[in-house]
Amino acid sequence: MSETVLVLLAGVAAGALNAIGGGGTFVALPALVAAGLSPVTANASSTVALVPGSVASAWVYRRDLAPVGDTSTWALTAVSVIGGGLGAGLLLVLPAVSFDAAVPWLLAFATVVLAFGRRVSRAVSEARGRAVGMSPRAVLAGQFLLAVYGGYFGGAVGIMMLAVWSIGLGLDTSTGNPMRVAQITAIYLSATGLFLIASDALGAPRLLAAMLAGAVAGGVAGAWIARRLPAWLLRGVILTTAVTMTVLYFLRG
């Protein structure tokens with residue numbers, strides 16, 4: 001199988017994963033490294049290539065967007081854009097392995113929160129006699145940190161996003177999935193702008209075009225499928241993706 005076909009198929013898988021449950025970077029990044037790109041260049045190139053797929057998925061989800069608690073969607077998106085750009089800048093000046101040791105543990109924590117976060121939030125609410133809820137300021141602060149991570153590395157940032165919303169607001173994963181896609185798109189768009197200017201992400205145009213085309217197809221198909229899945233099944237798919245990504249990241253480490 002040629003490198004171009006491999007990257008194209010990886011793009012389809014990554015776009016579909018990002019639309020359904022997250023984790024597309026874990027597929028896209030290794031494929032580009034296997035095709036001969038350096039890790040930093042592959043990271044930047046995968047972000048650039050996955051943007052159109054994320055935009056396509058967000059368009060499919062546009063009528064399903066639900067607010068994250070009482071937080072303004074515009075404010076949340078603005079924070080995602082700013083944090084994504086800052087994270088992309090850090091990627092260009094810091095070693096690409098800075099988060100390698102922490103990422104598996106972050107994912108493990110996020111997976112546990114996804115699995116039990118709503119139950120814990122409900123139990124605490126009953127014990128306190130009032131609902132547990134992050135303030136809009138806390139939601140924005142958490143989103144900024146996640147956006148920085150997303151612009152820097154991006155691996156499973158959507159899973160972590162859903163985990164924060166689940167434990168902090170009791171937001172159901174299937175309800176929050178469209179907003180997750182929208183915020184990932186905002187992070188990727190911001191990071192892409194910097195990568196196109198300051199990195200060599202365009203150094204392998206054939207590979208970039210192949211992954212981009214695959215990601216668009218996968219993003220549209222994944223979002224179309226996810227919108228038609230029952231809520232319980234979509235939650236199961238997202239949780240299964242989270243568990244799989246966690247195991248793979250530990251194995252990689």
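Residues numbered from 1 in each chain as written. Predicted model: local features only at pLDDT ≥ 70, side-chain atom pairs only at ≥ 80, totals over all residues. Heavy atoms only, no water.

Colleague: So, the environment of asparagine 18: which residues are in play, and what are the values?
Modeller: Locating asparagine 18 in the fold gives a position in helix α1 (residues 3-20). Separated by 204 residues in the primary sequence, asparagine 18 and glycine 222 have C-alpha atoms spaced 7.9 Å apart. Once residues within four sequence positions are removed from consideration, asparagine 18 is found in contact with Gly23, Gly24, Thr25, Leu50, Arg180, Val181 and Tyr188. (Helix = DSSP H or I, 4+ residues; strand = E, 2+ residues; numbered from the N terminus. Contact = heavy atoms within 4.5 Å.)

Colleague: How would you summarise empty space enclosed by the protein if you had to cite specific residues and measurements?
Modeller: Under the criterion given, the structure shown has two cavities of 30 Å³ or more. Of the pockets and cavities examined, the largest cavity occupies roughly 40 Å³. If you go around the largest cavity, you meet 13 residues; those closest to its centre are Asn18, Gly23, Gly154, Ala156 and Tyr188. Elements with a minimum of two residues in the lining of the largest cavity: α2 (24-34), α7 (157-169) and α8 (173-198). Among the residues making up the lining of the largest cavity, the classes are represented as four nonpolar, eight polar and one charged. Volume-wise, the second largest cavity comes out at about 30 Å³. Along the walls of the second largest cavity sit Asn18, Ala19, Ser54, Ser57, Val181 and Ile184, which together make up its complete lining. Contributing elements (two or more residues each) for the lining of the second largest cavity: α1, α3 (39-61) and α8. Here the residues of the lining of the second largest cavity are counted per class, giving three nonpolar, three polar and no charged. (1 Å grid on protein atoms, 1.4 Å probe; cavity = no way out; pocket = protein on both sides within 12 Å on 5 of 7 lines; lining within 4 Å. Points joined across faces, edges and corners; volume = space filled by probe spheres on them. Nonpolar A, V, L, I, M, F, W, Y, C, P; charged D, E, K, R; others polar.)

Colleague: If you had to explain the pattern of salt bridges to someone new, which residues and values would you point to?
Modeller: For the coordinates displayed, the defined rule picks out one salt bridge. A salt bridge links aspartate 64 to arginine 227, with the shortest nitrogen-to-oxygen separation between them at 2.5 Å. Pair noted here: aspartate 64 is in the loop between α3 and α4 (73-93) and arginine 227 is in helix α9 (residues 205-228), with a separation of 163 residues, a long-range link. By relative accessible area, aspartate 64 is classed as partly exposed at 31%. By relative accessible area, arginine 227 is classed as partly exposed at 37%. (Salt bridge = Lys/Arg side-chain N within 4 Å of Asp/Glu carboxyl O. Buried < 20%, exposed > 50% of the residue type's maximum accessible area, 1.4 Å probe, protein only.)

Colleague: Quick one: what's the story with the nonpolar core, residue by residue and with numbers?
Modeller: Looking at soluble globular proteins, one finds that nonpolar side chains tend to be buried together. Counting 61 residues, the largest nonpolar core has Val7, Leu32, Met161, Trp165, Phe195, Leu207 and Met211 as its most contacted members. If you tally residues by element for this core, the top one is α3, at nine residues. Setting aside residues up to four positions removed in sequence, methionine 161 forms contacts with Gln143, Leu146, Arg180, Gln183, Ile184 and Ile187. (Core = buried A, V, L, I, M, F, W, Y, C linked by side-chain atoms within 4.5 Å.)

Colleague: Quick one: what's the story with α3, residue by residue and with numbers?
Modeller: Along its 23 residues, α3 runs 31 Å from first to last C-alpha, staying within 8% of the 33 Å computed at 1.5 Å per residue. At valine 51, α3 shows its strongest bend, of approximately 35°, with the proline proline 52 following within four residues. Within α3, 18 of the 23 residues are buried, leaving the element largely enclosed by the surrounding structure. (Expected span 1.5 Å × (residues − 1). Bend = angle between axes of the 7 residues up to and from the residue.)

Colleague: Pulling in residues and values, what's your account of the UniProt feature "transmembrane region" (unreviewed entry) in the protein chain?
Modeller: Here, UniProt's "transmembrane region" (unreviewed entry) annotation points to residues 45-61, 73-95, 101-117, 138-167, 179-198, 207-226 and 232-251. Between the end C-alpha atoms of residues 207-226 the distance is 28 Å, and the span holds 100% helix and 0% strand. (UniProt positions renumbered as here; feature names shortened; annotations may be inferred.)

Colleague: Would you mind going over the side chain of threonine 185 in detail, with residue names and values included?
Modeller: Tracing the chain through its elements places threonine 185 in helix α8. Taking the relative accessible area as the measure of exposure, threonine 185 reaches 8% and is therefore buried. A distance of 2.8 Å separates a polar side-chain atom of threonine 185 from the backbone oxygen of valine 181. Once you skip the residues sitting within four places of it in the chain, threonine 185 turns out to touch Ser54, Val55 and Ala58. (Polar contact = N/O pair within 3.5 Å; in protein donor to acceptor, adjacent residues only side chain to side chain.)

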